[in-house]
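Per-entry structural report
Chain by chain, the residues:
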Amino acid sequence: QERTKMATPPTGNPVGRPTKYKPEFCEMLIEHVTMPEIEVIENMDKTQRLQFVVKPMAIPSLHGFCAKVGVHKGTIYDWAENNPEFAESLSCARDILADNITRAGTLGAINPTFAKAAATNLIGWSDKAQVTGANGGAIKVVVADDEGDL
């Protein structure tokens, strides 16, 4: 009897497009989001009083990094899932971006409306208080009559 030969399975990455990920992207990401120090300019006004003016600046972003390396934003999150060192760099980059927005916003280097929107949407800050009861549950409401009796 003649035996049939089975095809050998392909080696490498048999399905999908090869990844564009490179280990050097870890350092590139941190370099991309690290902003130079905010520049404060001394200026004399018309009455010869010294003023300090903060030079407006652009805030780096994860979108900018994606454009630099030629991928979609979702791709860098896929890289983070598959590469622990990139996951750590991405986490650090998000912290650096939060600090950039905070510093630039408090010094007036970026538009206040943008600073508030960025702090809310990118950092997760909120100007609303969230109140909960014991252990994060519902708030217990007790109604008393006019004499204070329950």
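To be clear, the structure that these remarks concern was listed above.
In short, a report on the structure. Quantities reported herein were computed from a predicted structural model and do not represent experimental measurements. All residue numbers here refer to positions counted from 1 along the written sequence of the relevant chain. Side-chain atom pairs in this predicted model are given and counted only at pLDDT of 80 or more, local residue features only at pLDDT of at least 70, and totals for whole chains, interfaces and linings cover all residues. Neither water nor hydrogens contribute to the side-chain values; these are computed over all heavy atoms in the structure.

**Quick word on the pattern of salt bridges**
Within this document, salt bridges are pairs made up of a side-chain nitrogen of Lys or Arg and a carboxyl oxygen of Asp or Glu, the two lying within 4 Å of each other. Across all of its chains, the model carries two salt bridges by this definition. The residue R103 makes a salt bridge to E37 at a minimum N-O spacing of 3.9 Å. With R103 in helix 4 (residues 84-107) and E37 in the loop between helix 1 (25-33) and strand 1 (40-44), this pair connects stretches of sequence that are 66 residues apart. Note on classification: 1.4 Å probe, protein chains only; a residue is buried when its accessible area is under 20% of the maximum for its type, exposed when over 50%, partly exposed between these limits. Owing to a relative accessible area of 22%, R103 belongs among the partly exposed residues under this scheme. Residue E37 is classed as exposed on the basis of its relative accessible area of 66%. Taken together, the salt bridges that share partners define one network made up of E37, D99 and R103. Put simply, DSSP marks the helices as runs of H or I at least four residues long and the strands as runs of E at least two long, and each gets a number from the N terminus on.

**Details of the environment of D127**
Along the chain, the position of D127 falls in the segment after helix 5 (112-123). By relative accessible area, which is 60% here, D127 ends up exposed. Separated by 11 residues in sequence, D127 and K116 have C-alpha atoms that sit 9.5 Å apart.

**Structural notes on helix 2 (residues 62-69)**
Side chains that are three or four residues apart share a direction in an α-helix, a result of its 3.6 residues per turn. Among all positions in helix 2, only L62, F65, C66 and V69 are buried. Along the axis of helix 2, the buried residues cluster in a sector spanning 100°; they form a single face. Counted as exposed and oriented over 90 degrees from the buried face of helix 2: H63, A67 and K68. Residues of helix 2 that are buried sit in contact with helix 1, helix 3 (73-82) and helix 4. Just downstream of helix 2 lies G70, where phi reads positive at about 80°. Here, the arc refers to the directions that run from the helix axis to the C-beta atoms. Should any heavy atoms of two residues lie within 4.5 Å, those residues are considered in contact.

**Focus: the packing of helix 1 against helix 4**
Two quantities define a packed helix pair, namely the angle between the helix axes and the distance between the axes. For helices, the fitted axis covers only the stretch in contact; all axes are lines through C-alpha atoms, and the angles between them, taken along N-to-C directions, range from 0 to 180 degrees. Between helix 1 and helix 4, the least distance of the axes is 9 Å, while the angle of their chain directions is 0°. When the axis of helix 1 is compared with that of helix 4, the two are roughly parallel. On helix 4, the residues touching F25, C26, L29, I30 and V33 of helix 1 are E85, F86, S89, L90, C92, A93, I96, L97 and N100. The residue classification treats Ala, Val, Leu, Ile, Met, Phe, Trp, Tyr, Cys and Pro as nonpolar and Asp, Glu, Lys and Arg as charged. All others, Gly included, are polar. Of the residues belonging to the contact of helix 1 with helix 4, the class tally is 11 nonpolar, two polar and one charged. Working rule for angles: under 35 degrees goes down as roughly parallel, over 145 as roughly antiparallel, 65 to 115 as roughly perpendicular, anything else as oblique.

**As for the packing of helix 3 against helix 4**
Between helix 3 and helix 4, whose axes approach to 5 Å, the crossing angle comes to 125°. On the basis of their axis angle, the class for helix 3 and helix 4 is oblique. Two packed elements cross with a definite hand, and for helix 3 against helix 4 that hand is left-handed. Between helix 3 and helix 4, the contacting residues are I76, Y77, W79, A80 and N82 on the first element and P84, F86, A87, L90 and R94 on the second. Considered class by class, the residues forming the contact of helix 3 with helix 4 number eight nonpolar, one polar and one charged. Handedness of a crossing follows from how the near helix is turned relative to the far one, being left-handed for an anticlockwise turn of less than a right angle and right-handed for a clockwise one.

**Remarks on a nonpolar patch on the surface**
Together, V40, M44, L50 and F52 make up an exposed nonpolar region whose accessible area comes to about 410 Å². Going through the elements one at a time, strand 1 and strand 2 (50-54) are the ones with two or more residues in the nonpolar patch. If you trace the backbone, M44 turns up in strand 1. Judged by relative accessible area, M44 falls into the partly exposed class, the value being 47%. Two joining distances apply to patches: 9 Å for like charges and 5 Å for nonpolar side chains (Val, Leu, Ile, Met, Phe, Trp, Tyr), and every residue must have over 30% relative accessible area and no salt bridge. Surface accessibility follows the Shrake-Rupley procedure with a 1.4 Å probe radius. Residue values consider only the protein chains on display as shielding.

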